[in-house]
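# Observations on the three-dimensional arrangement
Single-letter residue listing:
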Amino acid sequence: MTDPKIALPKIALKGVRKQFGPKKVLNGIDLEVGKGESLVVIGGSGTGKSVMLKCILGLLAPDAGSIMVDGVETTKLRTREREKLLHKFGMLFQGAALFDSLKVWENVAFGLIQGEHMPRAQAKEIAIAKLGAVGLSPDVAELSPAELSGGMQKRVGLARAIADEPEIIFFDEPTTGLDPIMADVINELIVQCVKDLGATAVTITHDMASARKIADRVAMIYEGRIIWTGHAGDIDHSGNAHVDQFVHGRAEGPIKMQVRAL
Amino acid sequence: MDRTRAPTPRRGCRCTNAKSKDDRSAHRCYDRIAPTNLNKDAGRLMGFLAATGRAFLIFLEATGRLALFTGSALSHCVRPPLYPRQILRQMIDIGYYSLPVVGLTALFTGMVLALQSYSGFSRFQAEGAIATVVVLSVTRELGPVLAGLMVAGRIGAAMAAEIGTMRVTEQIDALSTLSTNPHKYLVAPRLIAGLTMLPLLVIVADVIGVFGGFLVGVYRLDFNAASYINRTWEFLQPVDVISGLVKAAIFGFLIALMGCYHGYHSKGGAQGVGAATTNAVVSASILILVWNYLITGIFFSTK
Ligand SMILES: Nc1ncnc2c1ncn2[C@@H]1O[C@H](COP(=O)(O)OP(=O)(O)OP(=O)(O)O)[C@@H](O)[C@H]1O
Ligand SMILES: [Mg+2]
């Protein structure tokens, strides 16, 4: 199941490039994610992990390359078709991106009400259940997002991403800003989404403990390319100096940080 | 080569600060053109042409983008599903909460009109015409234009700020991933609300403006109340009011369009949203004045 070569990959990127002005961010990304697989993407800050997810979702148009979802090329879809395709996706944004004009439960229920035309009362029940799953009590549901702490907003964003049980879920740094215990609760929730719902998950994280827990496979992005992919168990002996340095968080190594001494 | 007299390098080129020769030759710039007068002039001319061309292209691009945006937003206004909750919210925001400011504007405009035309018209013994002047000015021109400008400041700015903030905090991206078209969910309701609510506001403004003129006419200038009202109705034609309402509908549409367009395309953080807000108000105000002239021309030109 986790071997992408047996079945049609759920998501397949080939030679995806994206640049902003003169700045090349993605420089030929090749990546495959199998159905029901949990892939963790690691890589330094600013290497284009979030940009890659946005390209797959079509929020940014890649300059070149192909992105297939369920074997269908998505880079040239028209608006209507793209809307239909996005029904399959759920996304937790790095900055949560909650709708601040709506209450917390309306945020979580948004996809159910607008996308699936569920009655509001029923959607509210589901929203409160999902909020429970991310450790938020029902009275939080009536607050507005601005009244929540950063970690709470992140969890609401997570609840919103999984509320309509999408086939593919992207988590952009789901545990950043959470305390270690809550981080582990969220890790389990993500594992549960993959195992129980059979969802395909792509998670970006800097938290290696979280990566070990969530991942079937790990991919490392560096200088706009995927330089290594492998099973989660292999990240400690990847045989790749870049991955080694990243996983162990060493300042010395092939990855040079662009810093100048004070 | 005399560097101090070299023509200004093109924008973004660091040649004049470049330390090494290598560094400088990596850029294409006018430093490398031999400094004979002819070439220098040619260089300047090319620079000027390039700048003009660039500005023109940017202008074309912006126009095209606005046209596409308008077309898409309009098509979403008539294609179901619509979002009644959003439309209602916007209608209340535009129609109801703008009442005080539009009402006050209309009241004082009507009052000052009566005062001004009295002092002006008495020079040629035409004081009797002020009721007519007040009602025609208010319904044809001042009601829609002043209400439009006030609402542009109030609503256009708010729309640009709200949508701009949604853009920079990725809320618009989040809408898309929840299979909701942002044009349909954010833009169409605002356009519909602007288009329908401004005429209603202007009806109220017309009544209040005429009432303001009446107050000044009767209590300050000692006109007879009944004859003032008679004079008000005497020369008023349906087209006076209708043209004002058509203007109002178009102004409402323009205000919402500019607020949404600038908000939707804002970039950067708080600064970008601030710029979007300013642009929304300024462009809406200018468009209101231009279209006011055009519509007046269509309705009232005798040629
Ligand atoms: N809309 C944009 N316009 C211009 N540049 C952008 C834009 N979005 C991203 N970038 C640039 O692309 C690069 C990659 O950004 P991205 O957000 O993907 O980083 P990241 O890998 O997610 O980093 P982090 O781990 O810090 O979240 C950054 O250097 C950023 O400057
Ligand atoms: Mg990121």
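Position numbers for residues start from 1 in each chain and track the written sequence from start to end. Each chain takes a letter, starting from A, and each ligand takes a number, starting from 1, following the order in which they are written. Given that this is a predicted model, residues contribute local features only at a pLDDT of at least 70 and side-chain atom pairs are listed and counted only at 80 or more, while totals for whole chains, interfaces and linings are drawn from all residues. Side-chain measures here rest on the full set of heavy atoms in the structure, leaving out hydrogens and waters.

### Thoughts on helix α2 (residues 79-86) of chain A
All names here are of chain A.
- Those residues of α2 lying buried are R82, L85 and L86. End-on view of α2: buried residues confined to an arc of 95°, all on one side of the axis. Opposite the buried face of α2, at more than 90 degrees from it, the exposed residues are R80 and K84. A 1.4 Å probe rolled over the protein chains alone gives each residue an accessible area, and that area as a share of the maximum for its type sets the label: buried under 20%, exposed over 50%, partly exposed in between. The numbering of helices and of strands both runs from the N terminus, where a helix is a DSSP run of H or I of at least 4 residues and a strand a run of E of at least 2. The arc in question is formed by the directions pointing from the helix axis toward the C-beta atoms.

### What to know about the UniProt feature "domain: ABC transporter" (unreviewed entry) in chain A
- UniProt positions are given in the numbering used here, feature names are shortened, and annotations may be inferred rather than shown by experiment. On the UniProt side, "domain: ABC transporter" (unreviewed entry) is annotated at positions that read residues 11-248 of chain A here.
- In residues 11-248 of chain A, helix accounts for 38% and strand for 26%; the two terminal C-alpha atoms are 29 Å from one another.

### With respect to unusual backbone geometry
- Geometrically, the link from P80(B) to P81(B) is a cis peptide bond, its omega value of 0° lying close to zero.
- With respect to the secondary-structure elements, P81(B) resides in the loop between α2 (37-78) and α3 (84-96).
- For A97(A), which is not glycine, the phi torsion reads 55° and is therefore positive.
- Residue position: A97(A) is located in the loop between β6 (89-92) and α3 (104-108).
- Although it is not a glycine, Q125(B) sits at a positive phi angle of roughly 50°.
- Topologically, Q125(B) is positioned in the loop between α4 (99-121) and α5 (130-168).
- Using a relative accessible area of 65% as the deciding quantity, one classes Q125(B) as exposed.

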